[in-house]
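# Tertiary structure, described
The lines below spell out each chain.
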Amino acid sequence: MARDRKHRNKSFWYRNRGWLRVVIILIVVGAGLCFAYWLSTLGAKKIDPREFTYNLVSREEAQAILDESMALEARFLEMSALREPNEEDLAVLEQAIDKQQEYLGALGGYDVEATKRLESLRTLYQDTGAAPFYSDSLTAEREAMQFEAEDDFDQALSKYRRAANLQRSINEDYQLSSRRDVGRLTRLERKVQELRAGPLWNASLEAEKKATEAAAKEDWESAKSHLREAIELQKELNLEFRGLRYADVTRLSKLEVELASLESSNLYEEITAMVEQSEAALAEKKYTEAAEMLRKASRLQGQLNYEHPHSRFASESLADEYDNRAADALSSELGEEILSEIEVLDQSLRDRKAWIAAEMIPSLYNKAELFRENYPRSTMLTDEMLLKLQFLNYVKEDIPMLQDRILGLLLPIPGQSDWYMTRIEVPQSLYRSIMLANPSRNEGDTLPVDSVNWYEAEEFCQKLSWVLGLPVRLPSKEEHDIAVGSLRYVDLDLISWNAQNSDDRTHEVGTKEPNAEG
C-alpha cells in the first residue's frame, strides 16, 4: 500500500515531465529575447532632421570674424616685436584664438586652412606663455653649472632643482610649445639626483676608510661602528638612486661581509685557539683531549655560521671537518694500530709469506669492521681499505696459489727495470679467481678473457695489487710497444692468432711461439 501511495504522489510529474521541460526551455528562451530587445533600445536611435536647429551665418559675416581674428593677431605680433609680451598681450592673442574658433564654427564644416591657422595660433600662444619660464630655467641651469664648478654643491643642487621644476611646468602646462623638452627635464632631474647622491656616496666612502683605519689599530668597536654607517648609507643609495653609478649592490655585499667578519672575529679566534690546542694534544697523543677540543671548535663554528652567515669565516664544511677530525682523534689509537697492521700485511704479501698474511687477515678485517661501526665519521680508514680487507678475507686461503699464478706470468719490460708485464693474455680462470665473475662470450678456462670494459680491467688490476702487496696497473701504449717489439720481419702467424689463421674463433692463451722479448 505504501508503494502505491508513493507512486500516486509522483504520477502527475512523472507523466508530464516532457511537457514541463519544454515549458522551462520556452521560458528561458523568451527571457533571453526580452533581454536582447532591451539592450537594443539602449543603442543609436532614429534621428528626425526636423529636430535640429541651424545657426546659419553668411559668408560676409564669417569673413568679418576671420578678419577680426587676423587683426588681433597682427596687433599681438606688433606689440611683441617692440617688447616682451605681457599678460595684456596674451589676452589679445587669446581673443584672436577665440575668433578663429568662432570662424571655424561659422563655416559649418571642416576647413583645412582654418584648422591649421587655429593650431598655429594656439602654438604661438603656448610658446609665448612658456618663454619666460624657459628663460628662467636656462638661467638657473647656467648658475647651477657655475656653482658646481666652484664646488658649491648645495647652491648647485638648489639651482638645478629650480631649472627642473620650471621645465616640468612647461612640459605639463604648454604641451604644444616648442620649448617642451622631455629629454632636458630627464637630464636635469638626473643631475639633481647625482648632486643628492654624491655627498651620501662620499660619506659612505669616508666611513669605510675610517673603519679600515680602526681595524688596523685593532679598535674593533670603532671599526664596526663606521662599517655600519657605511652600510646604511650604501643601502640608502641603492634604494633611492638605482639608476646612478652610486648604487652598488656588490659594494654593499662586501661591506656586509666585512661587518659580519668583524662581529664574528671573537668566535673565530676562539675556534682557532681550540684547533691549535687540539693539534698540540694530538702531538702528545692525548687523543681524548684533542677530540673534545675539536668538538667544541665544531660547535662554535656552527654558532658562527648561524649568527653571522655573511662572515668570511662562516663555513659549513669547516664544522663538518672539525667533527671528522674529532672522530679521527678518538679513533687514532685503534686506527694507527690497524694502519700499522695493514703495512705489515702488505709487506708479508710482498715477501710471499702468505701463511703470515692468512693468519693476520681475519682479525684485521674484524678490527676494521668494528672501527667503522664505532667511528663512522673517522677518515683514518678509507672505503678502499675496507674493501681490500674484505676481499683478502674472502680469498685468504687461495692467496699462495694466486700469487704463484700471477708471478708466473710476469716478464720484465725491456729497459724498464721496475715494471713487469704478463707474457700472455689474462686467462679466464685467473680473471674468475680474482673477480669472482666471467663476462667472456667465448667461455673456457684457458681462453683469454674478453668483453671486459676499462673499469673492470682497472678493478682487476687493483685486486691483483691487494693480493701481491705491490702496485698493479694497465700498461701504457709505449710500454706495450716496447714489450711487443718490432714486427717488421716477424711472421705474425707464428706468434699470434689473427684473422688469417684463427678460423674466426678464440684459441687458448700461450699456444703460439713467444716473440724475441718473450
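A brief report on the enclosed structure follows.

Conventions and cut-offs
Residues numbered from 1 in each chain as written. Predicted model: local features only at pLDDT ≥ 70, side-chain atom pairs only at ≥ 80, totals over all residues. Heavy atoms only, no water. Helix = DSSP H or I, 4+ residues; strand = E, 2+ residues; numbered from the N terminus. Rg over C-alpha atoms; globule rule 2.2 N^0.38 Å. Buried < 20%, exposed > 50% of the residue type's maximum accessible area, 1.4 Å probe, protein only. Contact = heavy atoms within 4.5 Å. Areas by Shrake-Rupley, 256 points an atom, 1.4 Å probe, with all protein chains shown as cover. Lys, Arg positive; Asp, Glu negative; His and termini not counted. Charge placed at Lys NZ, Arg CZ, Asp CG, Glu CD. Pairing = 2+ DSSP bridges. Core = buried A, V, L, I, M, F, W, Y, C linked by side-chain atoms within 4.5 Å. 1 Å grid on protein atoms, 1.4 Å probe; cavity = no way out; pocket = protein on both sides within 12 Å on 5 of 7 lines; lining within 4 Å. Points joined across faces, edges and corners; volume = space filled by probe spheres on them. Nonpolar A, V, L, I, M, F, W, Y, C, P; charged D, E, K, R; others polar. Phe/Tyr/Trp six-rings, centres within 6.5 Å; stacked < 30°, edge-to-face > 60°. Salt bridge = Lys/Arg side-chain N within 4 Å of Asp/Glu carboxyl O. Axes fitted to C-alpha atoms, helices over the stretch in contact; angles between N-to-C directions. Parallel < 35°, antiparallel > 145°, perpendicular 65-115°, else oblique. Left-handed = near helix turned anticlockwise from the far one by under 90°.

As a further point, take the overall build of the protein. Counting secondary structure elements, the protein contains 20 helices and 2 strands. Against the globule reference of 24 Å for 518 residues, the protein gives a C-alpha radius of gyration of 50 Å, more extended than a compact globule. The dimensions of the protein, computed from C-alpha atoms along their principal axes, are 135 × 100 × 85 Å. The 518 residues of the protein split such that 33% are buried. Long-range contacts, defined here as pairs at least 24 residues apart, represent 60% of the contacts in the protein between residues at least 6 apart. Accessible surface computed for the protein: about 33400 Å², of which carbon and sulfur atoms make up 53%. When the 65 basic and 93 acidic side-chain charges of the protein are each reduced to a single mean position, those positions are 10 Å apart.

For Ser 315, the location among the structural elements is in the loop between α11 (287-307) and α12 (316-330). Residue Ser 315 is classed as buried on the basis of its relative accessible area, which comes to 18%. Dropping the residues within four chain positions of it, Ser 315 is found in contact with Gln 301 and Asn 305.

Structurally, Gly 485 can be placed in the loop between α19 (477-484) and α20 (492-495). Here the alpha-carbon distance between Gly 485 and Ser 317, two residues 168 residues apart in the chain, equals 52 Å.

Inspection of the sheet shows strand β1 (residues 410-413) paired to strand β2 (residues 416-422) by 4 bridges, in the antiparallel sense. From the neighbouring strand, Leu 410 faces β2, where its bridge partner is Thr 422.

Moving on, we come to the nonpolar core. Formed by 34 residues in total, the largest nonpolar core has its most connected members in Leu 345, Leu 392 and Ile 434. A per-element tally of this core places helix α14 (residues 354-374) first, with 8 residues. Ignoring anything within four residues of it in the chain, the contact list for Leu 345 reads Ala 357, Met 360, Ile 361, Leu 364, Leu 389 and Leu 392.

Phi at Arg 352 takes a positive value of approximately 60°, unusual for a residue other than glycine. Position of Arg 352 among the secondary structure elements: in the loop between α13 (332-350) and α14. The phi dihedral of Asp 504 falls on the positive side, at around 60°, and the residue is not glycine. Checked against the element boundaries, Asp 504 lands in the segment after α20.

What follows covers the environment of Lys 286. When you line up the elements, Lys 286 lands in the loop between α10 (265-283) and α11. Under the relative-accessibility criterion, Lys 286 is labelled partly exposed at 39%. In this structure, the C-alpha to C-alpha distance between Lys 286 and Ser 332, residues 46 residues apart in sequence, is 9.8 Å.

A word on the layout of surface pockets. In this approach, a probe sized like a water molecule rolls over the atoms, and the result shows the empty space that is left. There is about 210 Å³ of room inside the second largest pocket. If you go around the second largest pocket, you meet 14 residues; those closest to its centre are Ala 211, Ala 215, Leu 227, Glu 258 and Leu 262. Split by residue class, the lining of the second largest pocket holds 6 nonpolar, 3 polar and 5 charged.

Moving on: the packing of aromatic side chains. The final tally for this structure, using the stated rule, is 7 aromatic pairs. Measuring from centroid to centroid gives 6.1 Å for Phe 133 and Tyr 174, while their planes differ by 35°, and the two rings are tilted. Taken as a pair, Phe 133 in helix α5 (residues 112-149) and Tyr 174 in the loop between α6 (153-173) and α7 (182-216) lie far apart in primary sequence, 41 residues in all. A relative accessible area of 18% places Tyr 174 in the buried class.

What follows concerns the pattern of salt bridges. This structure, assessed with the given rule, holds 33 salt bridges. Among the ionic pairs, Arg 325 bridges to Glu 279, the shortest N-O distance being 3.3 Å. One end of the pair, Arg 325, is in helix α12; the other, Glu 279, is in helix α10, with 46 residues separating them in the sequence. The class for Glu 279 is partly exposed, based on a relative accessible area of 42%. The shortest N-O distance in the salt bridge between Asp 323 and Arg 377 comes to 3.9 Å.

This part is about the side chain of Lys 224. Considering the arrangement of structural elements, one finds Lys 224 in helix α8 (residues 220-240). Since its relative accessible area comes to 11%, Lys 224 is described here as buried. When residues no more than four places from it in sequence are discounted, the contact partners of Lys 224 are Leu 259, Leu 262 and Glu 263.

Across the interface, helix α3 (residues 59-82) lies against α5 with an axial gap of 13 Å and an inter-helix angle of 25°. Considering the angle they form, α3 stands roughly parallel to α5. Relative to α5, the crossing made by α3 is left-handed. Residue-level contacts link Leu 66, Ser 69, Met 70, Glu 73, Phe 76 and Leu 77 of α3 to Arg 117, Leu 121, Leu 124 and Thr 128 of α5. Residues that form the contact of α3 with α5 fall into these classes: 6 nonpolar, 2 polar and 2 charged.

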